[in-house]
Amino acid sequence: MALDREQVAHVARLARLSFTDEELDRFAHQLSDILAYADQVTALATEDVQPTSHALPLKNVFRPDEIGPCLPQEKALSTAPEVEEGRFKVPRIMEEP
Amino acid sequence: MPLALKDILCIDGVRTTAGSKILEGYVPPYDSTVVKKLRGAGVPIVGKANLDEFAMGSSTENSAYGPSRNPWDLARVPGGSSGGSAAAVSAGFAPLGIGTDTGGSIRQPASLCGVVGVKPTYGLVSRYGLLAFASSLDQVGPFARTVEDAALLLEAIAGHDRMDATSIPEEVPPYVKGLESGVKGLRVGVVSDWVEGEGVQPGVTERVRAAIESLSSLGAEIGEISLPSFRYALSAYYLIAPAECSSNLARYDGVRWGLRAPEAKDVVEMNVRSRTAGFGDEVKRRIMLGTYALSAGYYDAYYGKAQQVRTLVIRDFEKAYERFDVLLGPTSPTTAFKIGEKADDPLAMYLNDVFTIPSNLAGAAAISLPCGLAEDGLPVGLQLLGPPMSEGLLFKVAYAYEQARGPVDAPPLWGRS
């Protein structure tokens with residue numbers, strides 16, 4: 001499966017990354033190489049094989065819904081680039097009306 | 001004993017970078033469980049060790065803070081992604097190290113630096129406070145210069161943790177206690193395609209063959225085995241791991257931690273510019289691969305197929321362990337390569353992990369330990385593989401071999417030829 005520059009640009013938009021034209025060409029080339037190698041698996045006959053999402057048998061883990069110690073607000077916000085009134089602050093999300 | 005900690009595990013109040021610019025200025029407000037346990041065991045952490053950005057790489061060249069070097073030859077890579085920890089233990093900066101192994105990131109650098117590295121069973125060591133790369137594969141484990149030290153360190157960090165929902169709710173057996181019980185009658189399966197396979201350096205084959213002889217003379221029963229699904233494991237891994245990575249690394253959005261691009265007109269532009277400035281090329285490649293493999297129209301062909309291959313790998317392992325107690329092969333097809341040699345060819349870099357990945361896909365245990373020097377004077381790693389929760393068995397075999405082998409040379413780092 002070869003990826004062209006437009007497909008790479010599309011995937012970049014989905015992944016919230018942006019690339020220069022030179023990077024788009026380089027990534028198109030490198031990702032195509034890797035996908036060509038990965039195509040080995042697409043050729044494999046696996047009709048009767050269940051997929052494995054997790055290697056070991058896991059069960060849901062339940063615990064009583066009790067309040068325990070947790071990070072205080074001040075500590076939880078201590079790593080943020082911008083904070084206001086005890087909240088994470090971000091640039092505007094919606095257009096002004 | 002002092003320890004070098006891979007800089008992807010959180011220490012309360014100590015800067016944590018994951019080798020990435022996107023975590024610029026990040027100081028975690030909590031301890032990872034591994035760090036808590038190390039404190040409890042009285043192990044001083046002497047430093048945080050360099051790594052490939054977010055543990056993605058096989059050479060430690062992908063760190064935003066520059067490459068680490070191999071103590072055996074400073075022009076060569078120490079392997080990766082836990083290359084800093086492996087190099088620190090090899091060079092004698094610290095007798096112990098902690099790494100993480102998602103596709104070989106403990107075992108391959110251990111092999112290239114001539115030290116012992118253990119990839120424990122998935123879920124044996126808590127991942128709480130480990131910055132996630134591929135959550136169904138990531139596992140924390142020890143580096144040491146001897147098998148006994150590695151076993152002691154694993155005893156200290158393993159165990160159930162309610163902060164990690166995938167943590168195995170079982171008691172950790174005492175690994176050191178059983179070390180000396182020997183390998184007489186133990187069935188060892190040599191993975192024949194790995195020992196003499198295409199692309200395997202002659203000196204690697206030779207050293208591994210010598211290790212097999214040694215185990216045989218200690219009374220182990222040696223047989224050969226071929227595992228057909230393993231040739232698809234690397235392809236499957238490079239779909240599954242990027243898929244999980246693209247999802248996990250979505251959290252680096254410039255909102256809660258680390259780098260934020262200034263003066264963006266809205267939040268999406270801020271996300272895009274922060275991520276574009278903060279992530280290095282290899283991380284971007286994997287995010288892109290994963291996003292593509294999970295996108296509509298490709299999910300079944302890539303991600304779905306890869307998950308089926310994972311099932312086939314697990315089945316092949318199960319069949320192999322009907323005949324053998326442990327499997328054996330090289331850890332890496334070659335000794336340490338030169339810095340820059342594979343930097344522009346991601347696929348060539350990925351091929352380094354071809355012998356280590358199956359154990360990650362199966363959630364199983366494996367260990368790499370030094371088995372001498374190849375024709376180029378660089379260390380070769382012997383890999384022992386076992387089923388999940390077989391650490392005690394692997395340590396026992398590794399210890400028996402190590403005793404027969406005798407002490408290994410230190411790297412010629414301090415001016416010796």
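Here, the structure is the one placed above.
Residues numbered from 1 in each chain as written. Chains lettered and ligands numbered in written order. Predicted model: local features only at pLDDT ≥ 70, side-chain atom pairs only at ≥ 80, totals over all residues. Heavy atoms only, no water.

Caption draft 1: The arrangement of the overall build of chain B in detail. What chain B contains, in helices and strands, is 13 helices and 10 strands. Whereas a compact globule of 417 residues would reach a radius of gyration of roughly 22 Å, chain B reaches 20 Å, a difference of no more than 12%. Across its three principal directions, the C-alpha atoms of chain B cover 70 × 45 × 45 Å. Looking at chain B residue by residue over its 417 residues, the buried ones come to 66%. Taking the contacts inside chain B whose residues are at least 6 apart along the sequence as the reference set, 74% of them involve residues at least 24 apart. (Helix = DSSP H or I, 4+ residues; strand = E, 2+ residues; numbered from the N terminus. Rg over C-alpha atoms; globule rule 2.2 N^0.38 Å. Buried < 20%, exposed > 50% of the residue type's maximum accessible area, 1.4 Å probe, protein only. Contact = heavy atoms within 4.5 Å.)

Caption draft 2: Focus on unusual backbone geometry. All names here are of chain B. The omega torsion of the bond from glycine 80 to serine 81 falls at 10 degrees, within 30 degrees of zero and hence cis. Within the secondary structure, serine 81 sits in the loop between β2 (45–49) and α2 (83–91). With phi around 50 degrees, alanine 18 is a residue other than glycine that occupies positive phi space. Tracing the sequence through the fold places alanine 18 in the loop between β1 (3–6) and α1 (33–40). You can call alanine 18 buried: its relative accessible area is 0%.

Caption draft 3: The environment of Glu221(B), seen in detail. With respect to the helices, strands and loops of the structure, Glu221(B) is situated in strand β7 (residues 221–225). Residues Glu221(B) and Val183(B) lie 38 residues apart in sequence; the distance between their C-alpha atoms is 8.8 Å.

Caption draft 4: Structural view of the interface of chain B and chain A. Taken together, the contacts link 63 residues of chain B with 53 residues of chain A. Counting across the chain B and chain A interface gives 3 salt bridges. Here Arg26(A) makes a salt bridge to Asp281(B), at a shortest N to O gap of 2.8 Å. The interface formed by chain B and chain A holds 24 residue pairs in polar contact (both at pLDDT 80 or more) in total. Elements that contribute at least two residues to the side of chain B that touches chain A include exactly α7 (233–248), α8 (267–278), α9 (281–294), α10 (300–323) and α11 (346–350) of chain B. The greatest single-element share of the side of chain B that touches chain A, amounting to 11 residues, is contributed by α10(B). (Salt bridge = Lys/Arg side-chain N within 4 Å of Asp/Glu carboxyl O. Polar contact = N/O pair within 3.5 Å; in protein donor to acceptor, adjacent residues only side chain to side chain.)

Caption draft 5: Main features of the sheet that holds strand β6 (residues 187–191) of chain B. All names here are of chain B. Overall, mixed pairing links the 10 strands, which are arranged β2-β1-β3-β5-β4-β9-β10-β8-β6-β7 in an open sheet. Two strands in the sheet have a free side with no partner beyond their single neighbour: β2 and β7. Neighbour-to-neighbour, the strand axes of the sheet open up by a mean angle of 25 degrees, direction not taken into account. Judged from the 7 bridges that link them, strand β9 (residues 365–373) and strand β10 (residues 379–386) form a sheet pairing that is antiparallel. Each residue of the ladder has a partner; that of serine 368, found in β10, is glutamine 383. Along the sheet, helix α6 (residues 202–217) contacts β6, β7, β8 (326–330), β9 and β10; its crossing angle with β10, the most-contacted strand, is approximately 55 degrees. (Pairing = 2+ DSSP bridges. Axes fitted to C-alpha atoms, helices over the stretch in contact; angles between N-to-C directions.)

Caption draft 6: Spotlight on α6(B). Residues and elements named next belong to chain B. The end-to-end C-alpha separation of α6 is 23 Å, in line with the 22 Å expected for 16 residues at 1.5 Å each. Within the sequence span of α6, burial applies to Gly203, Val204, Thr205, Val208, Ala211, Ile212, Ser214 and Leu215. Two residues or fewer after α6 comes glycine 219, characterised by a positive phi angle close to 105 degrees. (Expected span 1.5 Å × (residues − 1).)

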